[in-house]
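Residues per chain, in single letters:
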Amino acid sequence: MAAYVIVRVDVTDPEQYAKYMKLSPGAVSAAGGRFLVRGGATEALEGPDEHRRVVVLEFDDMDAARSFYDSDLYVEARGVRAGAAVMEMLAVQGA
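In this text, all values refer to a predicted model and were calculated from it rather than measured experimentally.

Student: Which parts of the structure should I look at to understand the pairing of strand β3 (residues 53-59)?
Tutor: A regular strand places its side chains on the two faces of the sheet in alternate fashion. Of all seven residues that make up β3, six are buried, and the element is covered over most of its length. Inspection of the sheet shows strand β1 (residues 3-11) paired to β3 by seven bridges, in the antiparallel sense. Residue pairing across strands places Tyr-4 opposite Glu-58, the latter belonging to β3. Bridge count between strand β2 (residues 34-38) and β3: four bridges; the pairing is antiparallel. Residue pairing in the sheet places Arg-34 in a bridge with Glu-58 of β3.

The structure is reproduced here in structure tokens:
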């Protein structure tokens with residue numbers, strides 16, 4: 001069953017975050033994932049406006065999503081991102 005990683009990011013250092021953005025796609029694809037949403041315009045349909053960057057990733061299953069997050073490639077990317085953003089990341093099993 002597919003799994004989705006939903007991310008909300010408040011970028012605090014755009015130059016450093018750009019370095020992270022160059023590393024993260026390799027980690028996503030190495031775990032068999034793909035980007036469904038990578039930034040872009042948001043519109044609040046209910047609740048407060050969302051000012052953060054929104055990213056949605058799709059993986060084959062929860063194990064693949066966890067493998068992505070724990071992979072050496074993504075650990076390296078997270079290290080580069082440190083101090084450049086405040087991130088919330090949630091893995092959700094699909095229907």
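Here the narrative resumes.
Student: Help me understand the environment of Gln-93, please; the structure alone is not making it clear to me.
Tutor: Structurally, Gln-93 can be placed in strand β4 (residues 85-93). Note: C-alpha distance between Gln-93 and Asp-60 (33 residues apart in sequence) is 9.7 Å. Excluding residues that lie within four positions of it along the chain, Gln-93 makes contacts with Met-1, Ala-2, Ala-3 and Met-62.

Student: What is the right way to read a nonpolar patch on the surface from this model?
Tutor: A contiguous nonpolar surface patch, about 230 Å² in accessible area, is contributed by Ile-6, Leu-90 and Val-92. One can find Leu-90 in strand β4.

Rules of the game
- Residues numbered from 1 in each chain as written.
- Predicted model: local features only at pLDDT ≥ 70, side-chain atom pairs only at ≥ 80, totals over all residues.
- Heavy atoms only, no water.
- Buried < 20%, exposed > 50% of the residue type's maximum accessible area, 1.4 Å probe, protein only.
- Helix = DSSP H or I, 4+ residues; strand = E, 2+ residues; numbered from the N terminus.
- Pairing = 2+ DSSP bridges.
- Contact = heavy atoms within 4.5 Å.
- Patch = residues over 30% accessible without salt bridge, like charges linked within 9 Å, V, L, I, M, F, W, Y side chains within 5 Å.
- Areas by Shrake-Rupley, 256 points an atom, 1.4 Å probe, with all protein chains shown as cover.
- Salt bridge = Lys/Arg side-chain N within 4 Å of Asp/Glu carboxyl O.

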